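A structural walkthrough
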Amino acid sequence: MVNPFGWLMKRRKQRKEKKQAEAAQKAEEERLVKQIISSLKEIPLLSNLTSTELETLAGNFNLRSYEVGEYVMKAKESGDEFYFIHEGTADVLMVKEDGEEHKIASLRNADYFGEQALLTDSGERNASIKATSDLQVLVLNRQQFQNLTNSGDVMFAQRRAVVAEDVEEDKIPEPQS
């Protein structure tokens, strides 16, 4: 025969443990959102956004991790995502006529990439991005990115996109800070 008192105590303990686990998960999510907001505040591109807007934006990001040597994206692929570097470093690589990848720039915390494929009709990546350290990026999909850019509060810096003609003529633009 089942002891109803024992069963009841076990059930209460399970509920308590579940609530504690949910509270810990919520606290971790809140800590991550605060950390993301802190990173977003460092990005000049987002300087026009209020704290409330940054908080809303932070909730839309997905955090993705890459290991050293792993590609975040490759040139000529279709691009449907926009990235901010949360932690770590990466190289911007382009393929020259010799078929080899060549580093043309380095990226670090608060740098962003992937916008050109989302701002142009081709939707094609101009360059490859490869992690040079453990890398965490904040990712927005195409729709979230369009919502961000349509708000009028975000203005992209005047920076020239890296295009194939620049590589062929060895006129690769210098990254702007």
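About the criteria used
For every chain, the first residue of the written sequence is number 1, and numbering continues from 1 along that sequence. Per-residue local features of the predicted model are confined to residues with pLDDT of at least 70, and side-chain atom pairs are confined, for both listing and counting, to 80 or more; whole-chain, interface and lining totals are unaffected and use all residues. To get the side-chain values, take all heavy atoms of the structure and skip hydrogens and water. Working definition: helices are DSSP H or I runs of at least four residues, strands are E runs of at least two. Numbering for both runs from the N terminus. Residues are treated as being in contact if the distance between any of their heavy atoms lies within 4.5 Å. In these tables, accessible area is a Shrake-Rupley quantity obtained with a 1.4 Å probe, and a residue counts as shielded only by the protein chains included in the view. Two rings from Phe, Tyr or Trp (for Trp, the six-membered ring) form a pair when their centres are within 6.5 Å of each other. A pair whose planes differ by under 30 degrees is stacked, one over 60 is edge-to-face, and the rest are tilted. Throughout this description, buried means an accessible area under 20% of the type-specific maximum (1.4 Å probe, protein chains only), exposed means over 50%, and partly exposed covers the range between. Residues enter patches when they are more than 30% accessible in relative terms and free of salt bridges; like-charged ones are connected within 9 Å and nonpolar ones (Val, Leu, Ile, Met, Phe, Trp, Tyr) within 5 Å. Any Lys or Arg side-chain nitrogen found within 4 Å of a carboxyl oxygen on Asp or Glu counts as a salt bridge. A residue counts as positive if it is Lys or Arg and as negative if it is Asp or Glu; His and the chain ends are not included. The atoms used to mark charge sites are NZ of Lys, CZ of Arg, CG of Asp and CD of Glu. We call two strands paired when DSSP finds no fewer than two bridges between them.

On a plain count of helices and strands, the protein comes out with 5 helices and 8 strands. Intrachain contacts of the protein at a sequence separation of at least 6 include 73% that bridge at least 24 residues. For the protein, the accessible surface area stands at approximately 11500 Å², while carbon and sulfur atoms represent 47% of it.

Before going further, it helps to examine the packing of aromatic side chains. Scanning the entire structure with this criterion turns up 5 aromatic pairs. Between phenylalanine 82 and tyrosine 112, the aromatic rings sit 5.8 Å apart at their centres with planes inclined by 55°, giving tilted as the arrangement. Linking phenylalanine 82 in strand 3 (residues 81-87) with tyrosine 112 in strand 6 (residues 112-113), this pair joins segments that are 30 residues apart in sequence. Both residues of the pair, phenylalanine 82 and tyrosine 112, belong to the buried class. Here the aromatic rings of tyrosine 83 and phenylalanine 113 are separated by 4.9 Å at their centres, their planes lie at 10°, and the arrangement is stacked.

A cluster of basic side chains, namely Arg11, Arg12, Arg15, Lys18 and Lys19, defines a positive patch on the protein surface. Mapping lysine 19 onto the fold places it in helix 1 (residues 4-41). The exposure class of lysine 19 is exposed, given its relative accessible area of 60%.

Across 2 bridges, strand 2 (residues 71-73) lies against strand 7 (residues 128-131) in antiparallel orientation. Note on strand 7: the bridge partner recorded for tyrosine 71 is lysine 130. Pairing of strand 4 (residues 90-95) with strand 7, which is carried by 4 bridges, proceeds in the antiparallel orientation. If you follow alanine 90 over to strand 7, its bridge partner there is alanine 131.

All right, on to unusual backbone geometry then. Of note in the backbone geometry, lysine 76 takes a positive phi value of approximately 75° without being a glycine. Along the chain, the position of lysine 76 falls in the loop between strand 2 and strand 3.

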